[in-house]
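Remarks on the overall topology
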Amino acid sequence: MSDARALSRPAAPPRPATAAAPNTGMSLGEGVRVAVASLLATKLRSVLTMLGIIIGVAAVIAMVAVGGGAREQVVAQIRSLGANLLIVMPGNVTQGGVRLGSGAASTLTDDDAAAIGKEVAAVQAVAPYMRGNAQLIASGMNWATGVIGIDNGWFEAREWDAEHGRTFEPEEISRGAQVALIGRTVARNLYGGMDPIGQELRIRNVPFQVIGVMSKKGQSTWGQDQDDVVFIPLNTARQRVLGRNLANARAVGAIYVKVRDGEDMTLAEDEVKSLLRQRHRMQPGQEDDFSIRNLADIAATREASARTL
């Protein structure tokens, strides 16, 4: 009977087979083909998109490069004058009620330069100098250029040395020897490819011997060729070439003051100013008979301008 019930029970319906999940994965090659096909289908839109990206990136790169280059150029030009420099220049003088402007007075002397180097602790080097223009003659050629009378403090203050030959000996500075150092531009225009060391150079018809060629300095911040110059001892400039100041035989055109690395430039400037006012017997409230330029301030201003650009 149990067998009869088993036979009369309906068989269970067959379980439906599970459908396989579709494979939606895409290989890298297929993805590239689809992307290329999409780009080719909209050629104009693709070109314009790429062009916009290229122009945008190029503009940013160019802007950063121009700004960085401008800052580097400013720093290089300031550095070419020498690092940590103060330039002390004579002040104004009034004649007949007429103010002749900065630099007209003959108020700075060798003694002022020596006092600055001795009494201002932050000072590393001091370089008094005087400048003029003259016609040079050598090897059948002539050239008009600037002539600067200096002492040996100049080379340290300006961070400028002879590339060929040598600089002045202390004895040549003290006795006013007729020896000269020339810049690259002067060497090129007077001597061409010839070695100028030991050659004669006439400055305002006064004979000098060339003992050195200065290393290249390049263009200054105001566009002047710093290599177009001749250096002679300061006493020689006074006695034989540029002449003495009739009002003050010890007068100099200006004084370079090099401040030691790590020292406060503004504090050093204030100390130099205080010392010179004391030496020149300036009364409280009286206008300075000199002026001081701080090249660190000039460099900061120009670099800020370049950064703004």
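Going by the structure above, here's the rest.
Report on the accompanying structure. It should be emphasised that the depicted structure is a prediction, and the values quoted were computed from it without experimental measurement. (Residues numbered from 1 in each chain as written. Predicted model: local features only at pLDDT ≥ 70, side-chain atom pairs only at ≥ 80, totals over all residues. Heavy atoms only, no water.)

1. Points about the overall build of the protein chain
Keep this limit in mind: A run of H or I in DSSP becomes a helix once it reaches four residues, and a run of E becomes a strand once it reaches two; helices and strands are each numbered from the N terminus. With a 1.4 Å probe rolled over the protein chains alone, any residue whose accessible area is under 20% of its type maximum counts as buried; one over 50% counts as exposed, and the rest are partly exposed. Here, residues are in contact when the closest pair of their heavy atoms is within 4.5 Å. Only the protein chains shown count as covering a residue, and every accessible area follows the Shrake-Rupley method with a 1.4 Å probe.
Along the protein chain, the regular secondary structure elements total 10 helices and 12 strands. By the burial criterion, 39% of the 309 residues in the protein chain qualify as buried. Within the protein chain, residue pairs in contact and separated by at least 24 positions form 71% of the contacts whose partners lie at least 6 positions apart. For the protein chain, the computed accessible surface area is about 18000 Å², with 55% contributed by carbon and sulfur atoms.

2. Some words on the nonpolar core
The tendency in soluble globular proteins is for nonpolar side chains to be buried as a group. We apply this condition: Working definition of a nonpolar core: buried Ala, Val, Leu, Ile, Met, Phe, Trp, Tyr and Cys residues. They are joined through side-chain atoms within 4.5 Å.
Counting residues in each nonpolar core, the largest one holds 43 residues, and the members touching the most others are V88, I116, I182, L201, I203, V230 and I232. The biggest single contributor to this core is strand β4 (residues 123-138), with 6 residues. Discounting residues that sit within four places of it in the chain, V88 has contacts with L108, A254, I255, V257, V272, L276, F290, S291 and I292.

3. Quick notes on unusual backbone geometry
Even without being glycine, E159 reaches a positive phi, approximately 50°. Checked against the element boundaries, E159 lands in the loop between α5 (153-157) and β6 (162-165). Although it is not a glycine, R281 adopts a positive phi angle of roughly 55°. Within the fold, R281 resides in the loop between α9 (265-279) and β12 (290-294).

4. Concerning the packing of aromatic side chains
The line we're drawing: Any two of the Phe, Tyr and Trp rings considered here, Trp counted by its six-membered ring, make a pair once their centres fall within 6.5 Å; the pair's planes then place it as stacked at under 30 degrees, edge-to-face at over 60, or tilted in between.
In the structure shown here, the tally under the stated rule is 6 aromatic pairs. Ring centres 5.4 Å apart and planes at 55° place the aromatic pair W154 and F231 in the tilted group. Pair noted here: W154 is in helix α5 and F231 is in strand β10 (residues 229-233), with a separation of 77 residues, a long-range link. Residue W154 is classed as buried on the basis of its relative accessible area, which comes to 1%. On the basis of relative accessible area, F231 is assigned to the buried category, the value being 0%. These aromatic residues form a ring-pair network of at least three members: Y129, W154, W160, F231 and Y256.

5. Considerations on the pattern of salt bridges
So the rule is basically this: The term salt bridge refers to a side-chain nitrogen of Lys or Arg lying within 4 Å of a carboxyl oxygen of Asp or Glu.
Evaluated as defined, the whole model comprises 11 salt bridges. Here D288 ties to K273 by a salt bridge, and the two come within 3.6 Å at their closest N and O atoms. Placement of D288 in the loop between α9 and β12 and of K273 in helix α9 is noted, with a sequence separation of 15 residues between them. For K273, a relative accessible area of 36% corresponds to the partly exposed category. Among the salt bridges present, the one from D288 reaches R277, with a minimum N-O distance of 2.3 Å. Placement of the pair is D288 in the loop between α9 and β12 and R277 in helix α9, with a sequence separation of 11 residues. Residues D288 and R277 agree in their burial class; the two are buried. The network of salt bridges with common partners includes D110, D111, R238 and R250.

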